[in-house]
Each structure stands twice: as C-alpha cells, then as structure tokens.
Amino acid sequence: MALHCGKTCRQYLLHLAHDNVDFRLPEIKSLLSIVGQQCVPTETFNERSPFWRLYGLSEDDVRSVMARTVCAKSAFELWGHGRTVSELKLSVLEYPTERMTPFLQQESTYKINVYTFNKTLLFKDRIEKIDALGFLPFQGKVNLKDPDHIFCLLEDYGLDPNDIPDEPFHMYFGRFIADGQRELIRSHSVKKRHFIGNTSMDAGLSFIMANHGKVKAHDLVYDPFVGTGSLLVACSHFGAYVCGTDIDYNTIHGVGKASRKNQKWRGPDENIRANLRQYGTECFYVDVMVSDASKPVWRNGALFDTIITDPPYGIRESTRRTGSHKEITTPPENFAGESHVPVSMEYHLSDIFADLLNFAAHHLVLGGRLVYWLPVYRPEYCEEMVPLHPCLTLISNCEQSLSSHTSRRLITMEKTKEPEKSDALAQLADPRFSPYQGHNSFREKYFSGITKKNGKGNGKEPHRTKENNG
Ligand SMILES: C[S@@+](CC[C@H](N)C(=O)[O-])C[C@H]1O[C@@H](n2cnc3c(N)ncnc32)[C@H](O)[C@@H]1O
C-alpha cells in the first residue's frame, strides 16, 4: 500500500475476515515482505475495516499473499468504488478500458456476485444491484456455475450490528482474483487432529503465527516449547522443515493420559510425527526431543530461520525447568510424577522470556524471526513491558484478549544484529522483565481477577475462546 498513487495506479481490494482483527495488518505486511513488497497504510486507511485498498502491487504479489493468508477472505482487482451508486459508476467508468476489455470479451463467460458486510439482502435486491451495473460493457455470456471471470460488488454497511444503515457507507466493484486460506482453519482444526493436548494451539492462530514468522519452504523452524506440535503443523504446511523440544517426556513420546474426553490413555502413534502425517507433511518432520529450554543443548551459531513458540504461563501447565537436588527445596505443586524429569524447579516467567530472546539472538539467522505469546495482566500492561533485546527488532505486537483482565500478546521480532558480549549485560539490566519476576506472579493475578469476578477462588480457568489454549 503505497502512500500516494495516481489514478492510473492499479489497486487491489482485500476483503478481510472479522475474527483476529489485530493480527491482520502484521500478517499481510509479513506476507508482502516475503515477496519484497512493502505495505504502507494510506491516510484514510482504517485497520478495522473489512475492506482494504492496496496500491503499488502486481497481481502476482496479491496472489502470493492470498496463497498464505488466513486473515483475508478474498482479493479483487478494484475497478471502482464510491459512497453512492453514481460515485461508483463514475469511478468504474474512469478505469482504463484496456485493463477491462480482456475480461469482457464475447467468447468469455462471467458472473457477478454481490457481497454485503453487516447486512443481509433479499434475493430481489441483489438482482437489482446487479442490474444497476448494466453500464459495464460485458460482451460475454453469463455462466453461474463455471465462469471464466468472476466480478463482485461489495458493500460496506459499517461495523455496528445494532445500527445498520439503509444504504452502504461505501461500495466497491472489482474482478475476483483469489481466495485466501480460511479453509485451513477448518481442515486443520484441533478437534479433528490425531494428537492433541490441553494447550494445543488453535489452527487459525498457528497459521497466523507462521505467517508473522515469514516461514517459507525449506526453512528450518524450531519450537522450544513444542507441546503437541500445533505450530510445527502450520509451519510444515508452508514447506518448512520443523523440529521442537519440550520438557515433558510424555508429550514428546506421545504416552500417558489422553486429553480427549472419553479416552483415558493416549493410543499408539499419538505423537507429533503422526500429526504431520495426517496433513501430508511428514517429509518436513526433522525431530522432537525431551529438553529443558533453560539449558543450552544446541551447538553455537545461527541454526534456525524462525523460532515460533507458545511458552508455558503456568495457567494450564506448570512453568518448570530441570534442576539439581541442591537447587530445589520443595517440589512444585503440579509435579505429580507424571513427567520423567527427575528434579523439576520453578521457571520464572521473566527467565523464560529472557532465555527465549537470548536464545533467538544467538540461534536465529540474521533476518530470521521470533514469534511468541506474552501473557498480559491488562490493568497493568503498557508497551514498555514487552521484553526487548539489542539484537532483535520488534516487528509487531498484537493483542488477543482472554478475559476482562487478561490477554496474551503475539510478539514478532526480527534478528537484526549478531550478538556481542555487551548485549547479555544490557539484557540483564532490562527492567522490562520485572513484571514477570517471581514465580507464578502472572498466574496469581490471573486467578485474583477470577476470584473478584466470581466471588470465589476455585482456581478454575474462565471461559476461553473456542478451541483455545494457553
Ligand atoms: C503452552 S504449552 C505449548 C503448546 C503447544 N504450542 C501445542 O500446540 O501443543 C507449553 C509447553 O511448554 C512445556 N514446558 C514447560 N516448561 C518447559 C521447559 N523448561 N522447557 C521446555 N518445555 C517446557 C510444557 O510441557 C508444555 O508442553
């Protein structure tokens, strides 16, 4: 989206899905940057609108975004737009004829769809709207089943379902180019996945994370808190080789108690590799192993193109690390012998993030990305709390709210500098980690909010979003 663009500049229209609104712009920006394109919002750009106009791109750029996005539903070559039918007509008639004619030929077939956002139209009203486009010089025949070209009139009735205007605020007309990958959310739903756990990341968010991470074919991607491997599933879908580690022996080996209702124990072959097999991406499985993210197990050097992860917050799973018997005094509450880790200690959230950023600084390739979730106690959150590192540049920070007082933020960082000795000291002194200092401080606040809300402190989680995790 270039800032200024003359009349003759080709424009594309994206129709965005209305879930995950905060994640949409970083997703589209990241996908455009994979093809070397920038996305600069215009002055009138409204991030929350279901329709975005993009400038300065080629049709191939748009197609490559649509081949990846789970935030955009469809893309159109924009032929005109306006606030009224007459404005739309004027705008379409100004569109260069030489760009229209290849799609209006006598020997080709076409159909026109009408899409309305925040309003349902009667069939007869749709037909009327299509008839009103009679000024367009279509030469070909209508074919509703399998047309050569599809056109669409899109009408925007605003964002307020309680205040729907009679006439749209804005309307657009364009040639359909491609649909996005929303279907992946259904086809990869954790409900139908072979191997799942209590904290399996939902499919839509996993694909968004892979897109924010600019994961590409032949990349090597690593998840240090891999769990059941949902993020690896998404990355392997885009052709990246994937590996991961987790402290939990049972999860890595796919044994122990099942997370599904009506199933006591995990069945044979319930593991991450089988998940990739389910989706036809087993060829991208490198391996997973039992390992503690707080311990250095990797050889020095840049090994990974992307590090993508959902660290433990101590909400549904404990934050723990291996330790020696000297270090530990009392066993943590949640350690009931299910894990095969011999001695387990508290792993402070502040240490988790410090270790994660430090690890990314050392083991990402230059230009590689770190994508992770940061838990947030909303009443106290401010941007300054987001952990930084001298070698990592913050790319985006998107909120997913979980309850009135808690949310998690999807943080994307890019490695822009190789680490030097002084960087480790700078990070140690960074006050940004302090909100996460002290074991379970986030957890305590999280439950304190629930106690206030419910009038009881039963330690149960509040209602979470569909298929959700964390
Ligand atoms: C939120 S879950 C990750 C879920 C995963 N994204 C999935 O889709 O299944 C966090 C994971 O971190 C693991 N974990 C906790 N402490 C760890 C540590 N010190 N090192 C490595 N993994 C750890 C837990 O066993 C858990 O599987």
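Once a new chain begins, its residue numbering starts again from 1 and follows that chain's sequence as written. In view of the model being predicted, local features appear only for residues whose pLDDT reaches at least 70, and side-chain atom pairs are presented and counted only at 80 or more, with totals across whole chains, interfaces and linings using the full set of residues.

A. Region of interest: the overall build of the chain. Under the scheme used here, helices are H or I runs from DSSP no shorter than 4 residues and strands are E runs no shorter than 2 residues, and both carry numbers assigned from the N terminus. Check the secondary structure of the chain and you find 13 helices and 16 strands. A pair of residues counts as a contact when their C-beta atoms, built from backbone coordinates, are within 7 Å of each other. Residue pairs in contact within the chain that sit at least 24 positions apart in sequence constitute 75% of those at least 6 positions apart.

B. The arrangement of the pairing of strand β1 (residues 11-16) in detail. Here exposure depends only on C-beta density: within 10 Å of a residue's C-beta, 20 or more other C-beta atoms make it buried, 12 or fewer make it exposed, and intermediate numbers make it partly exposed, the C-beta atoms being placed from the backbone. For β1, the tally of buried residues reaches six of six residues, placing the bulk of the element in the interior. Here β1 shows no split at all, with Gln11, Leu13 and His15 on one side and Tyr12, Leu14 and Leu16 on the other all buried. We treat two strands as partners when DSSP finds at least two bridges between them. In this structure, β1 lies alongside strand β2 (residues 51-55), joined through five bridges in antiparallel fashion. Residue pairing for β2: Leu14 is matched across the bridge by Trp52.

C. View of the site of the ligand. Taken together, 24 residues are adjacent to the ligand, and Phe225, Gly227, Thr228, Ser230 and Ala293 come closest. Those elements that provide at least two residues to the shell around the ligand are α8 (230-237), β9 (241-246) and β12 (320-322). By residue class, the composition of the shell around the ligand is seven nonpolar, ten polar and seven charged. Defining nearness, a residue is near a molecule or strand when the C-beta atom obtained from its backbone falls within 6 Å of it. Under the convention adopted here, Pro, Cys and the residues Ala, Val, Leu, Ile, Met, Phe, Trp and Tyr are nonpolar, Asp, Glu, Lys and Arg are charged, and Gly plus all remaining residues are polar.

D. How the structure looks around the sheet that holds strand β14 (residues 364-377). If you trace the seven strands from one edge of the open sheet to the other, you get β10-β9-β8-β11-β14-β16-β15, paired in mixed fashion. Each edge of the sheet is formed by a strand with only one pairing partner; in this case those strands are β10 (285-290) and β15 (392-401). Mean inter-strand twist for the sheet, computed between neighbouring axes without regard to direction, equals 15 degrees. Lines fitted to the C-alpha atoms define the axes, with helices restricted to the stretch that makes contact. Angles between their N-to-C directions range from 0 to 180 degrees. Those strands touched by helix α7 (residues 203-212) are β11 (304-309), β14, β15 and β16 (406-415), and its axis lies near 30 degrees from that of β16.

E. View of the environment of Tyr241. Position of Tyr241 relative to the elements: it lies in strand β9. We classify Tyr241 as buried; it has 20 C-beta atoms within 10 Å. Setting aside residues no more than four positions away along its own chain, Tyr241 makes contact with Leu220, Phe284 and Val286.

F. Structural context of the sheet that holds strand β6 (residues 149-156). Taken in spatial order, the seven strands make up an open sheet running β2-β1-β3-β7-β6-β4-β5, and their pairing is mixed. In the strand order of this sheet, the two ends are held by β2 and β5 (141-142), each with one partner. In this sheet, strand β7 (residues 170-179) lies alongside β6 in antiparallel orientation, the contact comprising six bridges. Looking across to β7, one finds that Glu155 is bridged to Met171. Across the sheet, helix α2 (residues 59-66) touches β1, β3 (72-82) and β7, and the angle it forms with β7 is around 75 degrees.

G. Just unusual backbone geometry, in detail. Here the phi dihedral of Asn20 falls at roughly 50 degrees; this positive angle occurs in a residue that is not glycine. Examined against the element boundaries, Asn20 turns out to sit in the loop between β1 and α1 (21-34). We classify Asn20 as partly exposed; it has 18 C-beta atoms within 10 Å. Of note, Asn118 is a non-glycine position whose phi angle comes to about 70 degrees, a positive value. As for its position among the elements, Asn118 is in the loop between β4 (109-117) and α5 (123-131).

Function cannot be read off these values alone, since they describe shape.
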